[in-house]
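Structural characterization, general
Okay, here's what each chain looks like letter by letter:
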Amino acid sequence: MNKLTMVEALNLALSEEMARDESVCMMGEDIGVNGGVFRVTKDLQSQFGETRVMDTPLAECGIVGTAVGMALYGLRPVVEIQFSGFTVQAFDQIEQNMARLRNRTQGKYTIPMVLRAPYGGGIRAVEHHSESREAYWAHTPGLKVVIPSGPRNARALLAASIRSDDPV
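Residues numbered from 1 in each chain as written. Predicted model: local features only at pLDDT ≥ 70, side-chain atom pairs only at ≥ 80, totals over all residues. Heavy atoms only, no water.

Spatially, β2-β1-β3-β4 is the arrangement adopted by the four strands of the open sheet, whose pairing is parallel. Only two strands of the sheet have a single neighbouring strand rather than two, namely β2 (53-55) and β4 (114-116). Geometrically, the sheet is characterised by an average inter-axis angle of 20 degrees between neighbouring strands, direction not taken into account. Sitting on the sheet, helix α8 (residues 151-163) touches β1 (24-28), β3 (76-80) and β4, and the angle it makes with β4 is about 140 degrees. (Pairing = 2+ DSSP bridges. Helix = DSSP H or I, 4+ residues; strand = E, 2+ residues; numbered from the N terminus. Axes fitted to C-alpha atoms, helices over the stretch in contact; angles between N-to-C directions. Contact = heavy atoms within 4.5 Å.)

Here it is, written out as structure tokens:
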């Protein structure tokens, strides 16, 4: 069996899930043409098209809010925010909408969406992008937070997250 890097495993999971389910789509900053800041989405736009792998402006609140609306209407968006520290710009959308709508509607609506955001000092931009916001999100009712320990785990967790009817 071939050994995959973390990036390759995430890309494989995204490709497999998009091929398996046409409602899976992606949106984020530079994820289409450029393949994402770490190239996790490399070649996915050419494989699945611009309507399923969408580049967005640098507007985290708008990205997450749009994805919540897409999830409410039957899609399974996977949102990539370039760095975990930037999730703060989408705080209200994550906290008030993404996390709460299922409970707020007594289960009438689900929010089957994934928000991906890399973090940590290993990205060699410590002064700008090393914030670890996952502790806050893990304590937010209505959100599932997963952090893979390696490529195999990352592939499985991402696939399960995309298939979940709850926001991850």
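Don't stop here, the text continues.
We now examine the pattern of salt bridges. Evaluation of the coordinates by the stated rule reveals nine salt bridges. Across the salt bridge formed by Glu95 and Arg100, the nearest N and O atoms sit 2.8 Å from each other. According to the relative accessible area criterion, Glu95 is buried, its value standing at 9%. A relative accessible area of 35% means that Arg100 is categorised as partly exposed. One salt bridge in this structure joins Arg102 and Asp166, with 2.6 Å as the shortest N-O distance. With a gap of 64 residues between them, Arg102 in helix α5 (residues 101-104) and Asp166 in the segment after α8 connect regions that are remote in the sequence. (Salt bridge = Lys/Arg side-chain N within 4 Å of Asp/Glu carboxyl O. Buried < 20%, exposed > 50% of the residue type's maximum accessible area, 1.4 Å probe, protein only.)

To continue, consider the environment of Met54. Looking at the element boundaries, Met54 is found in strand β2. Residue classification places Met54 among the partly exposed residues on the basis of a relative accessible area of 23%. Residues Met54 and Glu95 lie 41 residues apart in sequence; the distance between their C-alpha atoms is 23 Å. Contact partners of Met54, with chain neighbours within four places excluded, come to Cys25, Met26, Met27, Gly28, Ile31 and Met70.

Glancing now at the pairing of β1. Counted residue by residue, β1 has five buried out of five residues, so it is predominantly covered. Covered by surrounding structure in β1 are Val24, Met26 and Gly28 together with Cys25 and Met27, the residues of both alternating faces. As judged from the five bridges shared by β1 and β3, these two strands associate in the parallel manner. The residue bridging Cys25 from the neighbouring strand is Pro77, located in β3. Alignment of β1 against β2, held across three bridges, turns out to be parallel. Looking at β2, one finds that Met27 is bridged to Met54.

Shape descriptors only; they carry no functional weight alone.
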